[in-house]
Amino acid sequence: MYLVAKRLDVVEPSPTLAITARANALKAEGKDVVGFGAGEPDFDTPEFIKNAAKLAMDKGQTKYTPVSGTVTLKDAIIKKFERDNSLKYERKNIIVGVGGKQVIYNFFMATLNPGDEVIIPAPYWVSYADIVRLAEGVPVIVQTKLENNFQITSDELKKAITPKTKVFIFNSPSNPTGAMYSKKDIESLCDVLIKEKIIIMSDDIYEKVTYDGMEFFNPAMLSNELKERTFIVNGVSKAYSMTGWRIGYGAGNPEIIKNMDTMQGQSTSNPTSISQAAAEEALKGDQSCITEMVKAFDDRRKKIVAALNNIKGVNCRTPQGAFYVFPYITGVYETDGFKKLLTANPNTSKSKLFCDVLLEKYEVACVPGIAFGDDSAIRLSYALGQANIDKGVERIAKMISDLG
Ligand code: GLU
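Everything quoted here is computed from the prediction, not taken from an experiment.

Draft legend 1. Representation of unusual backbone geometry. Between Ala 122 and the following residue, Pro 123, the backbone shows a cis peptide bond with an omega angle of -5°. Following the sequence through the fold, Pro 123 ends up in the loop between β3 (117-122) and α5 (127-134). Omega for the peptide link from Asn 175 to Pro 176 comes to 25°, which places this bond in the cis form. Its place among the elements puts Pro 176 in the loop between β5 (165-171) and α7 (183-195). If you check the backbone angles, Glu 136 has positive phi at about 65° while not being a glycine. Tracing the backbone through its elements, the reader meets Glu 136 in the loop between α5 and β4 (138-143).

Draft legend 2. Highlighting the sheet that holds strand β11 (residues 367-368). Spatially, β9-β12-β11 is the arrangement adopted by the 3 strands of the open sheet, whose pairing is antiparallel. The sheet terminates laterally at β9 (324-325) and β11, the two strands that pair on one side only. Looking at chain direction, β9 and strand β12 (residues 378-381) are connected through 2 bridges and run antiparallel. If you follow Tyr 324 over to β12, its bridge partner there is Ser 381.

Draft legend 3. Main features of the site of the ligand. Surrounding the ligand, one finds Thr 16, Leu 17, Ala 38, Gly 39, Lys 101, Trp 125, Asn 175, Tyr 206, Lys 238, Tyr 324 and Arg 379. Here Thr 16 contributes a side-chain N or O atom positioned 2.6 Å from an oxygen atom of the ligand. Isolated, the ligand exposes 270 Å² of accessible area, and the fraction of that covered by the protein chains is 88%. Looking at the shell around the ligand, its residues break down into 5 nonpolar, 3 polar and 3 charged.

Draft legend 4. How the structure looks around helix α11 (residues 288-309). Counted at 1.5 Å a residue, the expected span for α11 with its 22 residues is 32 Å, and the 32 Å between its end C-alpha atoms agrees. Among the residues of α11, Cys 289, Ile 290, Met 293, Val 294, Phe 297, Asp 298, Arg 300, Arg 301, Ile 304, Val 305 and Leu 308 are the ones counted as buried. Close packing links the buried residues of α11 with α2 (47-58), β9, β12 and α15 (386-403).

Draft legend 5. Molecular detail of the environment of Ala 18. Tracing the backbone shows Ala 18 in helix α1 (residues 15-28). When its relative accessible area of 39% is taken as the criterion, Ala 18 is described as partly exposed. Between the C-alpha atom of Ala 18 and that of Asp 286, which follows or precedes it by 268 residues, the distance is 35 Å.

Draft legend 6. Focus on the pairing of β12. On β12, burial covers both faces: Ile 378 and Leu 380 on one face and Arg 379 and Ser 381 on the other are all buried. In the sheet, β11 pairs with β12 via 2 bridges, with the strands oriented antiparallel. In the strand pairing of β12, Val 367 is matched with Arg 379.

Draft legend 7. View of the pattern of salt bridges. Applying the stated criterion across every chain, the model contains 24 salt bridges. Between Lys 92 and Glu 90 there is a salt bridge whose closest N-O contact spans 3.8 Å. Residue Lys 92 is classed as partly exposed on the basis of its relative accessible area, which comes to 49%. Relative accessible area serves as the criterion here: at 49%, Glu 90 is assigned to the partly exposed category. The salt bridge partner of Asp 402 is Lys 398, with a shortest N-O separation of 2.9 Å. In this pair, Asp 402 and Lys 398 both sit in helix α15, 4 residues apart, roughly one turn of the helix. The exposure class of Asp 402 is partly exposed, given its relative accessible area of 40%.

Reading guide: rules and limits
Residues numbered from 1 in each chain as written. Predicted model: local features only at pLDDT ≥ 70, side-chain atom pairs only at ≥ 80, totals over all residues. Heavy atoms only, no water. Helix = DSSP H or I, 4+ residues; strand = E, 2+ residues; numbered from the N terminus. Pairing = 2+ DSSP bridges. Near = heavy atom within 4 Å. Polar contact = N/O pair within 3.5 Å; in protein donor to acceptor, adjacent residues only side chain to side chain. Areas by Shrake-Rupley, 256 points an atom, 1.4 Å probe, with all protein chains shown as cover. Nonpolar A, V, L, I, M, F, W, Y, C, P; charged D, E, K, R; others polar. Expected span 1.5 Å × (residues − 1). Buried < 20%, exposed > 50% of the residue type's maximum accessible area, 1.4 Å probe, protein only. Contact = heavy atoms within 4.5 Å. Salt bridge = Lys/Arg side-chain N within 4 Å of Asp/Glu carboxyl O.

Such coordinate-based values are descriptive only and should not be taken to indicate function.
This is the structure in structure tokens:
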């Protein structure tokens, strides 16, 4: 008898979380591992946000809340959209979930029928394709090019569309590449999407982490017609260093929201009441904590890009947002040392092999590019202290020089 459900045959464990778990296990054994794995700001959650949680507990806000989030948090989200994106929503357009990931999961469960196609530009965040598969949809991957700043062009998009296309995933700033779309770039993609009546899922989780004055836009911000077709996902994890609190939110069509509410009501019920109170304060309170974090990320960004580009065989673009670099290491794949490794491990992808050796022998955790749909690269999160970044990059350089 088949012990487990077949539906899990089509998905893999989240590679970002798996690598971080392995790195933590090695650390627990006493190894001095540098973790460039899961993207998680190293800063503490700001004090005023933690205080809001304490106050909520003291006030007895420890019971069930409405499944889709408290009225006061929804109102804070509505105000955030007005303040930051000039977008007007009502409560019926908003849902609060257990992190951005659950919001994405429930969105696809609520919108896809078996066989519906979802266009995902690669490199993509590790969980998109697997969530689509779990929802019985079909991920249609479109490979973008390094020389196009990893952006999908409108011609590439047109070619991927079929009568079964239902959703297009838009993610800017991108995880893993850090690439950002300008307003003009988004307009040309949206011209195609509007004509074909495709729903856009805009993952805005890195909205606040942008550099060099790059202005953030999502498709909903461009026109009312586009707003009607766009479902926005955002959350407090990255902007306010609140990854463990698990609060994400979505905004879009009330019919979709209602179905997501049903999904949530039959699975998790409401997100944690105390976390919701904290998230509300994060969105309403002084936003200068973000500026400070982003400034620190920016310094690290410049240093890590320069240091990686100093290594022979590595080609790293400067990200415009988020806190990841996605260096191409195809030059390293050409070395005799790496070719030997590959011959000894013929069933492993190149980026995975590189990352496996890097972790086990050189004690540095990175995520293989293959997990993001691009085997030419590896991903490093630079949301960790500068001393660790320097140590980690030195070890990567040592491994590459050892490969010859
Ligand atoms: N989104 C982060 C990352 O890509 C956190 C881990 C995860 O959920 O994938 O590293």
